[in-house]
Amino acid sequence: MNPQNGYDIEDLSVGMSAEIAKTITDADLVLFAGVSTDVNAVHMDEDFAKTTMFGGRIAHGMLSASLISAVLGNRLPGPGTIYMSQSLRFRAPVRPGETVHAKVTVKEVITEKSRVVVDTVCTVGDKVVIDGEATLMATSRQKREAAGK
């Protein structure tokens, strides 16, 4: 573990996983719209959203995807992790009131480069709503010790 209680690259192995869950609220949609400036009516206006293929408001896809970042930065690998890339496939909408489970699973560890590749998935119940893959830079105990820190 690093000084911030995150996993160093030397601690990681294929198959390790971590998960968080969050119920998406109306307040989350308003706050995310404010931060992102994405005020698309399908997220904000129930009357309009009822006229769409979704039949009602849906959460911003990136709001749900941001839960993946929370797992990576807070749990696995955790504090000190740097996001390098992320692919996302949006499979199904998330509606206000639904609980999103974001899970990451270590797929590959590249110790010499302090890189880790993880599979990422968000589900609502048994339904996959987002899946993809991320590449990260993890902290390194060996590099920290070599630098005398």
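Residues numbered from 1 in each chain as written. Predicted model: local features only at pLDDT ≥ 70, side-chain atom pairs only at ≥ 80, totals over all residues. Heavy atoms only, no water.

- An unreviewed UniProt entry lists the chain under the name (R)-specific enoyl-CoA hydratase, with Candidatus Accumulibacter phosphatis given as the organism.

1. Quick look at the UniProt feature "domain: MaoC-like" (unreviewed entry) in the chain
Here's step 1: In the numbering used here, UniProt assigns the "domain: MaoC-like" (unreviewed entry) feature to residues 18-119.
Here's step 2: For residues 18-119, the end-to-end C-alpha separation is 11 Å, with 33% helix and 31% strand making up the annotated structure. (UniProt positions renumbered as here; feature names shortened; annotations may be inferred. Helix = DSSP H or I, 4+ residues; strand = E, 2+ residues; numbered from the N terminus.)

2. Thoughts on the sheet that holds strand β3 (residues 99-110)
Here's step 1: One open sheet holds the five strands; their spatial order is β1-β3-β4-β5-β2, and the pairing between them is antiparallel. The outermost strands of the open sheet, each flanked by one partner alone, are β1 (17-23) and β2 (82-90). On average, each strand axis in the sheet is inclined to that of its neighbour by 20°, with strand direction left out of account.
Here's step 2: Of the strand pairs in this sheet, strand β4 (residues 115-124) and strand β5 (residues 127-137) are connected by ten bridges, and their pairing is antiparallel. When the sheet's bridge partners are listed, V118 is paired in β5 with A134. (Pairing = 2+ DSSP bridges. Axes fitted to C-alpha atoms, helices over the stretch in contact; angles between N-to-C directions.)

3. Looking at a nonpolar patch on the surface
Here's step 1: On the surface, a cluster of nonpolar side chains totalling about 260 Å² of accessible area is made up of V30, V39 and M44.
Here's step 2: Assignment of secondary structure puts V39 in the loop between α1 (26-36) and α2 (41-44).
Here's step 3: The exposure class of V39 is exposed, given its relative accessible area of 57%. (Patch = residues over 30% accessible without salt bridge, like charges linked within 9 Å, V, L, I, M, F, W, Y side chains within 5 Å. Areas by Shrake-Rupley, 256 points an atom, 1.4 Å probe, with all protein chains shown as cover. Salt bridge = Lys/Arg side-chain N within 4 Å of Asp/Glu carboxyl O. Buried < 20%, exposed > 50% of the residue type's maximum accessible area, 1.4 Å probe, protein only.)

4. Remarks on the layout of surface pockets
Which parts of space are left empty comes out when a probe the size of a water molecule is rolled across the atoms.
Here's step 1: Estimated volume of the largest pocket: approximately 190 Å³.
Here's step 2: Residue composition of the lining of the largest pocket, grouped by class: eight nonpolar, four polar and one charged. (1 Å grid on protein atoms, 1.4 Å probe; cavity = no way out; pocket = protein on both sides within 12 Å on 5 of 7 lines; lining within 4 Å. Points joined across faces, edges and corners; volume = space filled by probe spheres on them. Nonpolar A, V, L, I, M, F, W, Y, C, P; charged D, E, K, R; others polar.)

5. Considering the pairing of β5
Here's step 1: In terms of strand pairing, β2 meets β5 through eight bridges, oriented antiparallel. By the bridge assignment for β5, Q86 is matched with A134.
Here's step 2: In this structure, the hairpin formed by β4 and β5 is closed by a connection of two residues, where G125 is found at a positive phi of approximately 65°.

6. Quick look at the pairing of β4
Here's step 1: Of all ten residues that make up β4, seven are buried, and the element is covered over most of its length.
Here's step 2: Direction of pairing for β3 relative to β4: antiparallel, over a ladder of nine bridges. Counted as the bridge partner of A102 is C122 from β4.
Here's step 3: Between β3 and the antiparallel strand that follows it, β4, lie four residues; S114 among them carries a positive phi value of about 55°.

7. So, the environment of L136
Here's step 1: Within the secondary structure, L136 sits in strand β5.
Here's step 2: Among the residues examined, L136 registers a relative accessible area of 0% and is labelled buried.
Here's step 3: Apart from residues no more than four positions distant in its own chain, L136 is found in contact with L72, P77, T81, I82, Y83, M84, S114, R115, V116 and V118. (Contact = heavy atoms within 4.5 Å.)

8. Some words on the pattern of salt bridges
Here's step 1: Enumeration according to the criterion identifies ten salt bridges in this entry.
Here's step 2: The salt bridge partner of R144 is D8, with a shortest N-O separation of 2.7 Å. Pair noted here: R144 is in helix α5 (residues 141-146) and D8 is in the segment before β1, with a separation of 136 residues, a long-range link. Exposure class is identical for R144 and D8. Each is buried.
Here's step 3: Note that D131 and R89 form a salt bridge whose closest N and O atoms lie 2.9 Å from each other. With a gap of 42 residues between them, D131 in strand β5 and R89 in strand β2 connect regions that are remote in the sequence.
Here's step 4: Connected through shared salt-bridge partners, D8, D11, R141 and R144 make up one network.

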